[in-house]
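Each chain, written out:
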Amino acid sequence: MCISQLLFFSFILSAYVGNGEMDTDTNAYSPRVADTMVFSGDGGSYHSWSSSNFPLLGESKVGAGILLLHPHGFALPHYADSKKIGYVLQGSCTVGTVSPSASKEKVVVIKEGDAIPVLIGQVSWWFNAGDSDTVIVFIGETSMSQISGEMTYFFLTGTVGVLRAFSTEFISKAYNLNQKEANTLETNQTGGVGVKLGKGIQIPQPQNYAENYDEFASTLTTAVEFTSLEQVGLSFKHVKLGENAVFQPVYVTDSVQVAYVIKGSGRVQFAGANGEKLLDATVKAGELFVVPRFVVAIEIADAQGMEYLSVVTSSKPVIWESSGKTSIWKAFSPAILQASLSVSPEFAHIFLAKMTNDMVPMPPKIEL
């Protein structure tokens, strides 16, 4: 690799995956950047978050990685042992997917702000037909993966493809080839997992376009809105917070939340059992944080705002909000609210009205 390529990769990594050093923060919940290079080549690179450096990933059975494709970069056909959602951070990408027993691949084009679900074991390829880099973050659920907290990829072709693992004898019998043909097929597997294609190769045109989720800022997108998420068993929310804005505290009872900061920076706090503050940290672009089941999390943006993607490990998660218009506090009667907070009726009214930003009628005075 020439010096200019090395400098270019250094720029890309500093922009999207940080400095690649092991995180020495002893807090198990602290946000972290991707720390492991899975592959790198002329076509691009793939970095992941290692469960050995971020044990909470393994404990929560979730994983994440970032795919960078240079212009005409092609990620060879592969499948993974995890179900996931890919979100385009930059550029555009042509994606081909093949379902079990399908007679033809499905081809779509996704662009910045789009998300695409990928089933566990589903074969796919990814191609950057543009003139600038494409960057995609993948977040998935790893309960069935070989390494809990990490997504393992199995390539059909290339230097680490399954064809390289079989002898020519087995290949010839499996594919009805003679010895010379089998030898040609095996020895031609010289490209890495991400290669750069020549301009003469005609990539299939898309049959349709993936849904653009760009309009769903600060809302949860589940299988109720898009049935394709039912198959993959995941849902997500794309949150855009303005200057010093806050995303209301929530907890999820049946699934784990995994958030990747796309732009900006902010603060995040976690609250656990017995009033324990599990995390109070700054989070910035390129970092990943995990919110376990039942843990209450609050995110507040800095002065420049913050944008993040949060994948939830359920297609129809049970989410409880503890502020805002659908807050659980609104369900309590005035007496219970006053007694629980140990405040005056007047303060309980103020608390509820300001939290929900509603004009709530003053309740009658209750003697406790």
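Quick caveat, the model's predicted, so the values are computed rather than measured.

K.L.:
Break down the overall build of the chain for me, with residues and values.
P.N.:
Of regular secondary structure, the chain possesses seven helices and 21 strands. Relative to its 368 residues, the chain shows a buried fraction of 47%. Partitioning the contacts of the chain with sequence separation of at least 6, the portion at a separation of at least 24 is 72%. With the model as given, the accessible surface of the chain reaches about 18000 Å², and the carbon-plus-sulfur share is 56%.

K.L.:
Residue-level account of the layout of surface pockets, with values.
P.N.:
The volume enclosed by the largest pocket comes to roughly 480 Å³. What lines the largest pocket is a set of 28 residues, among which Val 38, Phe 39, Tyr 46, Tyr 153 and Phe 155 lie closest to the centre. Elements supplying a minimum of two residues to the lining of the largest pocket: strand 2 (36-41), strand 3 (44-48), strand 4 (62-69), strand 5 (73-80) and strand 12 (153-155). At five residues, strand 2 tops the list of elements feeding residues into the lining of the largest pocket. Among the residues forming the lining of the largest pocket, the class breakdown is 15 nonpolar, 11 polar and two charged.

K.L.:
Would you mind going over the side chain of Gln 122 in detail, with residue names and values included?
P.N.:
As for its placement among the helices and strands, Gln 122 is situated in the loop between strand 9 (115-118) and strand 10 (123-127). Here Gln 122 falls in the buried class, since its relative accessible area comes to 11%. A distance of 3.1 Å separates a polar side-chain atom of Gln 122 from the backbone nitrogen of Leu 119. The contacts of Gln 122, once residues within four sequence positions are left out, are His 78, Tyr 79, Thr 97, Val 98, Ser 99 and Pro 117.

K.L.:
Tell me what's going on with the side chain of Ser 172, and back it up with residues and numbers.
P.N.:
Counting through the fold element by element, Ser 172 comes out in helix 3 (residues 168-174). Among the polar contacts listed, one links the side chain of Ser 172 to the backbone oxygen of Glu 169, at a separation of 2.7 Å. Apart from residues no more than four positions distant in its own chain, Ser 172 is found in contact with Leu 177, Asn 178, Gln 179 and Ala 182.

K.L.:
Please set out the confidence of the model for the chain residue by residue, giving values where relevant.
P.N.:
Averaged over every residue, the pLDDT of the chain is 81; the share at 70 or more is 83%. pLDDT under 50 marks residues 1-24. Its contacts with residues more than four places away, or in other chains, come to 32 contacts. Throughout residues 359-368 the model reports pLDDT below 50, and contacts reaching past four residues in sequence, or to other chains, amount to 15 contacts.

K.L.:
How would you summarise the environment of Gly 266 if you had to cite specific residues and measurements?
P.N.:
Counting through the fold element by element, Gly 266 comes out in strand 17 (residues 257-271). With relative accessibility at 0%, the residue Gly 266 sits in the buried group.

K.L.:
Just give me the short version of the sheet that holds strand 2, but keep the residues and values in it.
P.N.:
Strand order in this open sheet of six strands is 2-3-4-11-6-9, and the pairing throughout is antiparallel. Because the sheet does not close on itself, it has two edges, and the strands there are strand 2 and strand 9. Looking at each pair of strands side by side, their axes are set apart by 20° on average, direction ignored. By the bridge criterion, five bridges tie strand 3 to strand 4 in an arrangement that is antiparallel.

K.L.:
Run through the pairing of strand 10, naming residues and quoting values.
P.N.:
Most of strand 10 is tucked away: four of the five residues are buried. For strand 5 and strand 10, the ladder comprises three bridges, and the chain directions are antiparallel. Bridge pairing links His 78 to Ser 124 in strand 10.

What counts as what
- Residues numbered from 1 in each chain as written.
- Predicted model: local features only at pLDDT ≥ 70, side-chain atom pairs only at ≥ 80, totals over all residues.
- Heavy atoms only, no water.
- Helix = DSSP H or I, 4+ residues; strand = E, 2+ residues; numbered from the N terminus.
- Buried < 20%, exposed > 50% of the residue type's maximum accessible area, 1.4 Å probe, protein only.
- Contact = heavy atoms within 4.5 Å.
- Areas by Shrake-Rupley, 256 points an atom, 1.4 Å probe, with all protein chains shown as cover.
- 1 Å grid on protein atoms, 1.4 Å probe; cavity = no way out; pocket = protein on both sides within 12 Å on 5 of 7 lines; lining within 4 Å.
- Points joined across faces, edges and corners; volume = space filled by probe spheres on them.
- Nonpolar A, V, L, I, M, F, W, Y, C, P; charged D, E, K, R; others polar.
- Polar contact = N/O pair within 3.5 Å; in protein donor to acceptor, adjacent residues only side chain to side chain.
- pLDDT = per-residue confidence, 0-100.
- Pairing = 2+ DSSP bridges.
- Axes fitted to C-alpha atoms, helices over the stretch in contact; angles between N-to-C directions.

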